[in-house]
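# What the coordinates show
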There are 4 protein chains.
Amino acid sequence: MSSTATLRSDALVLSSDPIHPANLICEFCRMFYQNGWVTGTGGGISIRDEDKIYLAPSGVQKERMIPENIFVMSFKSQEYIRRPLSLKPSACTPLFMAAYSIRNAGACIHTHSQNAVMCTLLFDEVFEISSIEQIKALPRITRPGNMWYSDKLVIPIIENTEREEELESSLRVAIEKYPSATAVLVRRHGIYVWGETTWKAKIYNEAIDYLLELAIKMKQLGIPTVKDV
Amino acid sequence: MSSTATLRSDALVLSSDPIHPANLICEFCRMFYQNGWVTGTGGGISIRDEDKIYLAPSGVQKERMIPENIFVMSFKSQEYIRRPLSLKPSACTPLFMAAYSIRNAGACIHTHSQNAVMCTLLFDEVFEISSIEQIKALPRITRPGNMWYSDKLVIPIIENTEREEELESSLRVAIEKYPSATAVLVRRHGIYVWGETTWKAKIYNEAIDYLLELAIKMKQLGIPTVKDV
Amino acid sequence: MSSTATLRSDALVLSSDPIHPANLICEFCRMFYQNGWVTGTGGGISIRDEDKIYLAPSGVQKERMIPENIFVMSFKSQEYIRRPLSLKPSACTPLFMAAYSIRNAGACIHTHSQNAVMCTLLFDEVFEISSIEQIKALPRITRPGNMWYSDKLVIPIIENTEREEELESSLRVAIEKYPSATAVLVRRHGIYVWGETTWKAKIYNEAIDYLLELAIKMKQLGIPTVKDV
Amino acid sequence: MSSTATLRSDALVLSSDPIHPANLICEFCRMFYQNGWVTGTGGGISIRDEDKIYLAPSGVQKERMIPENIFVMSFKSQEYIRRPLSLKPSACTPLFMAAYSIRNAGACIHTHSQNAVMCTLLFDEVFEISSIEQIKALPRITRPGNMWYSDKLVIPIIENTEREEELESSLRVAIEKYPSATAVLVRRHGIYVWGETTWKAKIYNEAIDYLLELAIKMKQLGIPTVKDV
């Protein structure tokens with residue numbers, strides 16, 4: 001168990017290295033804010049570095065976060081080893097942990113992207129799209145390498161709950177049921193995307209949002225998102 | 001009553017502190033301009049710091065404002081304690097004052113957001129949306145804490161008038177009639193949003209604009225904005 | 001008549017003052033590029049300072065312009081007093097001159113805004129909108145002061161021609177026929193907007209583009225752009 | 001054949017000149033990323049400088065590229081004279097080479113623009129648009145000078161393949177069959193655009209994307225993209 005001194009330690013989050021997890025979380029949040037993905041304190045991101053899980057706090061303006069705001073949790077003990085006293089831990093924490101424990105993810109992104117929300121209103125149990133070049137940016141997971149152009153991308157959609165932490169069990173079920181998915185959509189809420197590394201999580205999130213946006217446009221024009229091959 | 005010397009005083013608005021109200025007003029206006037919320041001199045923002053009400057001037061390019069352009073009014077005396085001689089006070093001033101006096105707000109934002117204008121063309125007496133995660137960024141006001149996911153957000157819509165100051169009485173009526181609203185839409189005009197602090201007003205404005213934008217997309221696809229629960 | 005030495009003079013365009021016309025033209029073009037108004041070398045801007053008319057050149061990437069690229073013409077003699085030898089003068093020059101001579105404008109902006117092009121496909125002889133707050137940012141011209149909220153903004157639409165300079169006569173006719181217009185739309189082409197000063201031309205262009213964008217959204221939803229009052 | 005030492009040489013890509021091809025590729029990729037054209041590692045760009053072909057690598061985040069990441073190939077020998085050992089060459093390389101060899105291009109751009117993808121879903125064998133001023137930014141190629149306003153822009157659409165390099169033969173056929181085209185669309189994939197110089201390729205790509213976007217809006221409103229004249 002961590003001492004109060006450790007819980008206040010800045011050494012875990014202060015670094016001059018721009019790709020230190022605490023710096024990357026802040027940089028990504030500024031970028032996600034520009035994209036409308038973390039509007040009004042919504043959304044967040046977590047990065048894993050071996051036993052250390054770095055987490056953006058709850059309820060803060062994501063584009064104004066500084067490394068001192070970051071929580072750090074031990075993956076093994078599931079206890080905070082750094083906890084800013086004036087801030088609340090993110091309600092997404094158990095959801096990020098599911099991606100780390102079930103999929104051995106290196107980073108997990110949660111956004112309130114309007115493209116994600118709209119697709120959960122336009123699709124039923126799963127989001128599906130095929131035969132779009134951008135699909136090749138996504139992993140197949142159950143086999144090595146990325147998806148092919150004509151592969152069908154399937155992202156499960158789970159129902160939202162009143163409290164974010166209540167999503168954990170259905171998220172875990174969806175991750176187990178769709179072993180080749182690298183993301184889960186949450187109805188009327190947003191999306192969780194994870195990857196083996198921080199960069200891959202970022203790339204997957206971008207590529208998926210591109211496909212969600214394209215799918216909405218296709219639906220509006222009556223074009224099926226899954227192509228007969 | 002203030003002397004002319006006081007009215008010209010720069011000490012009230014010049015500060016090296018980036019979160020001084022005069023600096024924040026300028027920073028927010030630049031940000032709002034990027035979002036298309038204060039196009040062509042429209043819109044504005046006011047911040048209250050105890051007895052001092054800081055106000056952006058009328059008819060200036062909001063993205064080019066500097067602290068010297070800011071008006072300061074005493075909340076108690078309702079008189080200007082700083083008044084840039086070459087500028088006109090904002091016609092929004094009595095509207096901002098309504099939020100300060102009725103709701104004890106800490107800041108008030110006015111935008112010409114196209115999402116706001118469009119929603120006043122698509123909704124009748126009130127804007128309504130429910131069961132969207134982003135709603136949780138908004139306050140319940142009449143009870144402590146924020147709204148729940150399945151709560152219905154209701155924002156009253158008042159009719160526009162030829163002169164902005166003529167909106168005051170209907171705005172006051174709407175604020176009284178909808179005690180849990182933290183915003184009022186103005187038909188074919190825009191929106192007023194306020195909050196307990198500057199940061200909360202900013203977050204509420206962002207979250208509401210996100211919901212207004214989403215509601216337009218839902219309407220276009222024939223999806224009701226209020227969900228049966 | 002100007003000497004070759006004068007034609008190469010940089011003194012007319014090099015200034016450390018950020019609001020010198022040559023600097024403002026470059027700054028505005030970068031901003032217009034971000035807005036998609038001068039994509040792919042399209043569009044331009046001209047500023048008048050007493051007898052000197054500053055003009056962006058033809059066929060250059062507007063966002064990469066530097067003051068050395070600017071042409072300067074004498075309003076009185078209609079001859080260039082500075083002419084960068086490697087560049088071509090803008091084909092818009094006679095159109096800008098029409099705004100200067102007929103309306104005594106201080107600046108004139110030309111964009112290929114998609115909102116402008118779309119409105120020329122959705123409206124017939126004139127673009128019309130009324131009862132939108134943003135209209136109040138625009139001048140009445142034939143009477144002092146700005147437009148009222150319920151005033152109807154009318155912008156004439158002229159037919160495009162193969163060569164830009166061939167637009168001059170119909171532009172002049174439109175300016176004369178619509179004495180209260182501060183802009184002319186060109187079918188399938190874009191828009192010309194002018195104002196008494198550089199800042200006013202910028203504000204009018206922004207406010208009009210906002211109204212053009214809003215009108216397209218209203219048309220798509222079957223809402224009339226002119227309101228019965 | 002190049003020695004290993006040459007293959008690691010940084011001298012080919014490190015320069016303080018901002019318009020050195022390696023610097024321009026990085027700058028353009030950052031700009032294209034902002035436009036959503038190279039989302040999630042998609043897309044790319046190549047510049048030719050006499051015998052040297054500069055190429056962005058495969059599978060990297062295009063907005064974070066640095067000159068050290070650039071591949072350089074000899075046009076004559078078709079062999080790499082610089083090859084970053086940790087990166088993969090772009091699968092677009094044979095497609096860029098087609099533009100260099102058949103059309104003597106100076107630069108070639110490939111994007112995953114959603115406007116391009118949508119137009120390949122809305123048009124059949126070719127994309128066509130006429131009588132839009134922006135067309136005048138594009139070259140006629142088979143005759144000197146640029147297109148006229150009323151000229152019809154025709155861009156061939158080829159079918160996508162599972163592997164990007166498999167596009168080469170149909171791309172070559174399309175380039176030969178449409179001698180006045182400066183671009184080829186790839187169904188459900190994106191677009192290839194080339195030009196005599198780097199700047200012209202950039203301008204053509206921008207002007208074409210503007211026209212693709214406009215064509216989608218016209219289609220949605222039932223307006224034909226080709227005008228009877």
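Everything numeric in this text was worked out from a predicted model, so none of it was measured.

The rules behind these values
Residue positions are given per chain, counted from 1 along the sequence in the order it is written. Starting at A for chains and at 1 for ligands, labels are handed out in the order in which the entities are written. For a predicted model such as this one, the threshold for reporting local features is a pLDDT of at least 70, and the threshold for listing and counting side-chain atom pairs is 80 or more; totals across whole chains, interfaces and linings nevertheless cover every residue. Side-chain figures throughout are based on the complete set of non-hydrogen atoms in the structure, without hydrogens or water. Least-squares superposition aligns the copies on the C-alpha atoms of those residues with pLDDT at or above 70 in both. UniProt positions are given in the numbering used here, feature names are shortened, and annotations may be inferred rather than shown by experiment. Helix and strand labels come from DSSP, where a helix needs a run of H or I of at least four residues and a strand needs a run of E of at least two; each type is numbered from the N terminus. Contact between two residues is taken to exist if any of their heavy atoms lie within 4.5 Å; hydrogens are not considered. Think of a polar contact as two N or O atoms within 3.5 Å of one another; within protein, one of them needs to be a possible hydrogen donor and the other a possible acceptor, and neighboring residues in sequence only count if both atoms come from side chains. Whether two strands pair depends on DSSP finding at least two bridges between them. Only C-alpha atoms enter the line fits that serve as axes; for helices the fit covers just the stretch in contact. Angles between N-to-C directions range over 0 to 180 degrees. An angle below 35 degrees is treated as roughly parallel, one above 145 as roughly antiparallel, one from 65 to 115 as roughly perpendicular, and anything else as oblique. If you view the pair so one helix is near and one far, a crossing is left-handed when the near helix is turned anticlockwise from the far one by less than a right angle, and right-handed when it is turned clockwise. The residue classification treats Ala, Val, Leu, Ile, Met, Phe, Trp, Tyr, Cys and Pro as nonpolar and Asp, Glu, Lys and Arg as charged. All others, Gly included, are polar. Whenever Lys or Arg places a side-chain nitrogen within 4 Å of a carboxyl oxygen from Asp or Glu, that contact is recorded as a salt bridge. Two parts placed together each lose some accessible area; with a 1.4 Å probe, that loss summed over both constitutes the buried area. The definition of a nonpolar core used throughout is a set of buried Ala, Val, Leu, Ile, Met, Phe, Trp, Tyr and Cys residues joined through side-chain atoms within 4.5 Å. Under the scheme applied here, a residue whose accessible area is under 20% of the maximum for its type counts as buried, over 50% as exposed, and between as partly exposed, the area being computed with a 1.4 Å probe on protein chains only. Domain segmentation is taken from an automatic or database assignment of domains.

What follows concerns the relation of the copies chain C and chain B. Mapping chain C onto chain B calls for a rotation angle of 90° and an axial translation of 0.0 Å; the resulting RMSD is 0.0 Å. Expressed as an axis order, the relation between the two copies is that of a four-fold axis. Minimal C-alpha separation from the rotation axis in chain C is found for C:Gln220, amounting to 6.7 Å.

Next up on the list: the UniProt feature "binding site: Zn(2+)" (unreviewed entry) in chain A. All names here are of chain A. As recorded in UniProt, the sites labelled "binding site: Zn(2+)" (unreviewed entry) are His110, His112 and His189. Judged by maximum C-alpha separation, these annotated positions cover 80 residues in sequence but sit close together in space, the widest gap being only 10.0 Å. In this fold, His110 is placed in strand β5 (residues 107-111). Every residue in contact with His110, bar those within four places of it in the chain, is listed here: Val38, Gly43, Gly44, Cys92, Phe96, Glu164, His189, Ile191 and Tyr192.

Looking now at the environment of C:Arg187. Counting through the fold element by element, C:Arg187 comes out in the loop between β8 (183-186) and β9 (190-195). Taking C-alpha positions, C:Arg187 is 6.1 Å from C:Ile158, a pair spaced 29 residues apart along the chain. Contact partners of C:Arg187, with chain neighbours within four places excluded, come to C:Thr120, C:Phe123, C:Asp124, C:Ile157, C:Ile158, C:Glu159, C:Asn160 and D:Tyr149. Engagement of the side chain of C:Arg187 in a polar contact is seen with the backbone oxygen of C:Asp124, the distance being 2.9 Å.

This part covers the environment of B:Ser131. Assignment of secondary structure puts B:Ser131 in the loop between β6 (126-130) and β7 (152-158). The spacing of B:Ser131 and B:Gln114 is 17 residues in sequence and 23 Å in space, taken between C-alpha atoms. Residues within four places of B:Ser131 in sequence aside, it is in contact with A:Arg188, B:Tyr149, B:Ser150, B:Asp151, B:Lys227 and B:Val229.

Moving on, we come to the sheet that holds strand β7 (residues 152-158) of chain C. Residues and elements named next belong to chain C. Spatially, nine strands are ordered β4-β3-β2-β1-β5-β9-β8-β7-β6 in an open sheet, and the strand pairing comes out mixed. Among the strands making up the open sheet, the edge pair consists of β4 (80-82) and β6 (126-130). Between one strand and the next, the sheet's axes are offset by a mean angle of 20°, whatever the strand orientation. Where strand β1 (residues 44-49) and strand β2 (residues 52-55) come together, four bridges link them in antiparallel fashion. Considered in β2, the bridge of Ser46 is made with Leu55. The sheet strands contacting helix α6 (residues 198-220) are β1, β5 (107-111), β6, β7, β8 and β9, and the helix crosses β9 at an angle near 140°.

Residues and elements named next belong to chain A. Closest axis-to-axis distance for the helix α4 (residues 114-122)/helix α6 (residues 198-220) pair is 9 Å, and the angle between their directions is 45°. One way to sum up the angle between α4 and α6 is to call them oblique. Crossing angle aside, the handedness with which α4 passes α6 is left-handed. Facing Asn115, Ala116, Met118, Cys119 and Leu122 of α4, the residues of α6 in contact are Asp209, Leu212, Glu213, Ala215, Ile216 and Lys219. Its residues assigned to classes, the contact of α4 with α6 comprises seven nonpolar, one polar and three charged.

On the chain B side, the residues contacting the 26 residues of chain C number 23 residues. Counting across the chain C and chain B interface gives two salt bridges. At the boundary of chain C and chain B, one finds 17 residue pairs in polar contact (both at pLDDT 80 or more). Listing elements by their share of the side of chain C that touches chain B, those giving two or more residues are α2 (21-34) and α6 of chain C. For the side of chain C that touches chain B, the leading source of residues is α6(C), giving ten residues. Tallied by class, residues from the side of chain C that touches chain B come to 14 nonpolar, four polar and eight charged.

This paragraph deals with unusual backbone geometry. Working note: non-glycine residues mostly have negative phi, and peptide bonds are mostly trans. All names here are of chain B. Even without glycine at this site, Thr41 takes up a positive phi of about 75°. Note on placement: Thr41 falls in the loop between α2 (21-34) and β1 (44-49). The backbone phi angle of Gln78 is positive, close to 55°, even though this residue is not glycine. Among the secondary structure elements, Gln78 is positioned in the loop between β3 (71-74) and β4 (80-82).

Further remarks concern the sheet that holds strand β8 (residues 183-186) of chain B. All names here are of chain B. Spatial ordering of the open sheet is given by β4-β3-β2-β1-β5-β9-β8-β7-β6, a layout of nine strands whose pairing is mixed. Each edge of the open sheet carries a strand with a single partner, namely β4 and β6. With direction set aside, neighbouring strand axes in the sheet form an average angle of 20°. Both strand β5 (residues 107-111) and strand β9 (residues 190-195) contribute to a ladder of five bridges, which runs antiparallel. Following the sheet pairing, Thr111 is matched in β9 by Ile191. Strands in contact with α2 are β1, β2 (52-55) and β5; relative to β1, the strand with the most contacts, it is inclined by about 155°. Contacts from helix α6 (residues 198-220) reach β1, β5, β6, β7, β8 and β9 within the one sheet, and its direction differs from that of β9 by about 140°.

A few words now on the interface of chain D and chain C. Contacts between chain D and chain C engage 27 residues on the former and 23 residues on the latter. Between chain D and chain C the total buried area reaches about 2300 Å² when both faces are included, carbon and sulfur atoms providing 52% of it. The interface formed by chain D and chain C includes two salt bridges. Between D:Lys202 and C:Glu63 there is a salt bridge whose closest N-O contact spans 2.7 Å. The interface formed by chain D and chain C includes 17 residue pairs in polar contact (both at pLDDT 80 or more). Mapped onto the side of chain D that touches chain C, the elements with two or more residues apiece are α2 (21-34) and α6 (198-220) of chain D. The element contributing the most residues to the side of chain D that touches chain C is α6(D), with ten residues.

Once that is clear, we can look at the nonpolar core. Among the nonpolar cores identified, the biggest contains 178 residues, and A:Ile25, B:Ile25, B:Tyr192, C:Ile25 and D:Ile25 are the most heavily contacted of them. Apart from residues no more than four positions distant in its own chain, B:Ile25 is found in contact with B:Ile45, B:Ile47, B:Tyr54, B:Leu55, B:Ala56, B:Met65 and B:Ile70. Of all hydrophobic cores here, the second largest spans 127 residues; its members include A:Leu214, A:Ile223, C:Ile191 and D:Ile157.

As a further point, take the UniProt feature "binding site: substrate" (unreviewed entry) in chain A. The sites that UniProt annotates as "binding site: substrate" (unreviewed entry) are A:Cys92. For A:Cys92, the contacting residues outside a window of four places in its chain are A:His110, A:Glu164 and A:Tyr192.

Quoted interface sizes are often the accessible area lost when the parts come together. Residue and element names in this part refer to chain A. Along its sequence, chain A is organised into domain 1 (1-90) and domain 2 (92-229). Spacing between the C-alpha centres of domain 1 and domain 2 amounts to 23 Å. Facing the 21 residues of domain 1 at the interface are 22 residues of domain 2. Among the residues of domain 1 in contact with domain 2, Trp37, Arg48 and Ser90 are the three that bury the most area, contributing 33% of the side total. Applying the counting criterion to the domain 1 and domain 2 interface returns ten residue pairs in polar contact (both at pLDDT 80 or more). Listed by contribution, the elements that provide at least two residues to the side of domain 1 that touches domain 2 are α2 (21-34), β1 (44-49) and β2 (52-55).

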